[in-house]
Amino acid sequence: MKTEKLHLVWAHPRTDSFTAQVVREMQDQAAQQGITVSNLDLYSSNFDPVLAAHDEPDWNNPKKQYSEDIHRLYAAIEESDTIVMVFPVWWFSFPAMMKGYLDRVWTNGLAYGEGSSLKGKKFRYVALVGGTESGFGKYGWENHMRDYVVRMMNYLTVEDTRIDFLYNTLGMEEEISASHYQQLLAQARGIVTALQS
Ligand SMILES: Cc1cc2nc3c(=O)[nH]c(=O)nc-3n(C[C@H](O)[C@H](O)[C@H](O)COP(=O)(O)O)c2cc1C
């Protein structure tokens, strides 16, 4: 299935970050390919990542009414065939903002359980890693994050999923040249290009 409607969800406190640049690059690439893109910048949209008592799932009621923002943000997923999540790796995981998005929006009766509508959609994760590929791989973090994400998506009945890592964003462990960032941006574009094959 070729991507027609792509929903980009991303988290970074700064719109001048490299993460934001990656998002813009992917958005441009998608537009060039004629893909309709919607963009959810979790920080700029003032998303509240804290799961409050009134939004806890009621395990006996898949039709529970959650806060308005949860239904609105989930509708954007339902309207898309492909969801791309872009984030900097913080403590070998998602930033709290994105984890909170999973906690609150991917909830019972919407993303899983009775009424779930994710089956058949494509999910891509794009993780920006400060460290090098060799360092991240040596300690098993790449496998760990891949297993975590793929198994989580399988739990949600999604089979077409993958995570890509954009390495060495900080150049602390290994010297990098300006062209390194161009290569990472090209890698990000390639993730969008591959959605059409
Ligand atoms: C709170 C925090 C935790 C981080 N944890 C990791 C980590 O676990 N592994 C890693 O390689 N880099 C880590 N980093 C570095 C980020 O991955 C890096 O800053 C990001 O990829 C750079 O993208 P940006 O310029 O858009 O922020 C961390 C950074 C912050 C601020």
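Heads up: the structure comes first, above all this text.
Asks: Residues and numbers for the overall build of the chain, please.
Replies: Along its length, the chain carries six helices and five strands. Going from N to C terminus, the chain has its helices and strands arranged as β-α-β-α-β-α-β-α-α-β-α. Considering only C-alpha atoms, the chain reaches an extent of 55 × 35 × 30 Å along its principal axes. Evaluated residue by residue, the chain yields a buried proportion of 49% over its 197 residues. Counted over contacts in the chain with a minimum sequence separation of 6, partners at least 24 positions apart contribute 79%. Working note: accessible area of the chain is about 10,000 Å², and carbon and sulfur atoms make up 51% of it. Mean positive and mean negative side-chain charge positions of the chain (18 and 25 charges, respectively) differ by 4 Å.

Asks: Quick rundown of the packing of helix 2 (residues 68–78) against helix 3 (residues 96–105)? Include the residues and the values.
Replies: With their axes 10 Å apart at the nearest point, helix 2 and helix 3 run at an angle of 100° to one another. With respect to helix 3, the axis of helix 2 lies roughly perpendicular. Residue-level inspection shows Asp69, Ile70, Leu73, Tyr74 and Ile77 of helix 2 in contact with helix 3, the latter providing Tyr101, Arg104 and Val105. Of the residues belonging to the contact of helix 2 with helix 3, the class tally is six nonpolar, no polar and two charged.

Asks: Which residues make up the layout of surface pockets, and what are the values?
Replies: Put simply, the largest pocket is a space of about 420 Å³. For the lining of the largest pocket, the secondary-structure elements that each account for two or more residues are helix 1 (18–32) and helix 4 (133–138). By residue class, the composition of the lining of the largest pocket is 13 nonpolar, eight polar and two charged. As a volume, the second largest pocket reaches approximately 220 Å³. If you go around the second largest pocket, the residues you meet are Leu51, Pro57, Lys99, Leu102, Asp103, Trp106, Thr107, Tyr112, Tyr148, Met152, Tyr155 and Leu156. Broken down by secondary-structure element, the contributors of at least two residues to the lining of the second largest pocket are helix 3 and helix 5 (141–155).

Asks: Run through the packing of aromatic side chains, naming residues and quoting values.
Replies: Inspection of the entire model under this criterion finds 14 aromatic pairs. Note on Phe94 and Tyr125: the rings are 6.1 Å apart at their centroids and 45° apart in plane angle, and the pair reads as tilted. Here Tyr125 lies in strand 4 (residues 122–128) and Phe94 lies in the loop between strand 3 (82–88) and helix 3, a separation of 31 residues in the sequence. According to the relative accessible area criterion, Tyr125 is buried, its value standing at 0%. A centroid spacing of 6.1 Å and a plane angle of 65° characterise the contact between Tyr101 and Trp106, whose relative ring orientation is edge-to-face. The buried category is assigned to Tyr101, whose relative accessible area is 0%. Using a relative accessible area of 5% as the deciding quantity, one classes Trp106 as buried. An aromatic cluster is present here, built from Trp91, Phe92, Phe136, Trp141, Phe165 and Tyr167 joined pairwise through their rings.

Rules behind the numbers
- Residues numbered from 1 in each chain as written.
- Predicted model: local features only at pLDDT ≥ 70, side-chain atom pairs only at ≥ 80, totals over all residues.
- Heavy atoms only, no water.
- Helix = DSSP H or I, 4+ residues; strand = E, 2+ residues; numbered from the N terminus.
- Buried < 20%, exposed > 50% of the residue type's maximum accessible area, 1.4 Å probe, protein only.
- Contact = heavy atoms within 4.5 Å.
- Areas by Shrake-Rupley, 256 points an atom, 1.4 Å probe, with all protein chains shown as cover.
- Lys, Arg positive; Asp, Glu negative; His and termini not counted.
- Charge placed at Lys NZ, Arg CZ, Asp CG, Glu CD.
- Axes fitted to C-alpha atoms, helices over the stretch in contact; angles between N-to-C directions.
- Parallel < 35°, antiparallel > 145°, perpendicular 65-115°, else oblique.
- Nonpolar A, V, L, I, M, F, W, Y, C, P; charged D, E, K, R; others polar.
- 1 Å grid on protein atoms, 1.4 Å probe; cavity = no way out; pocket = protein on both sides within 12 Å on 5 of 7 lines; lining within 4 Å.
- Points joined across faces, edges and corners; volume = space filled by probe spheres on them.
- Phe/Tyr/Trp six-rings, centres within 6.5 Å; stacked < 30°, edge-to-face > 60°.

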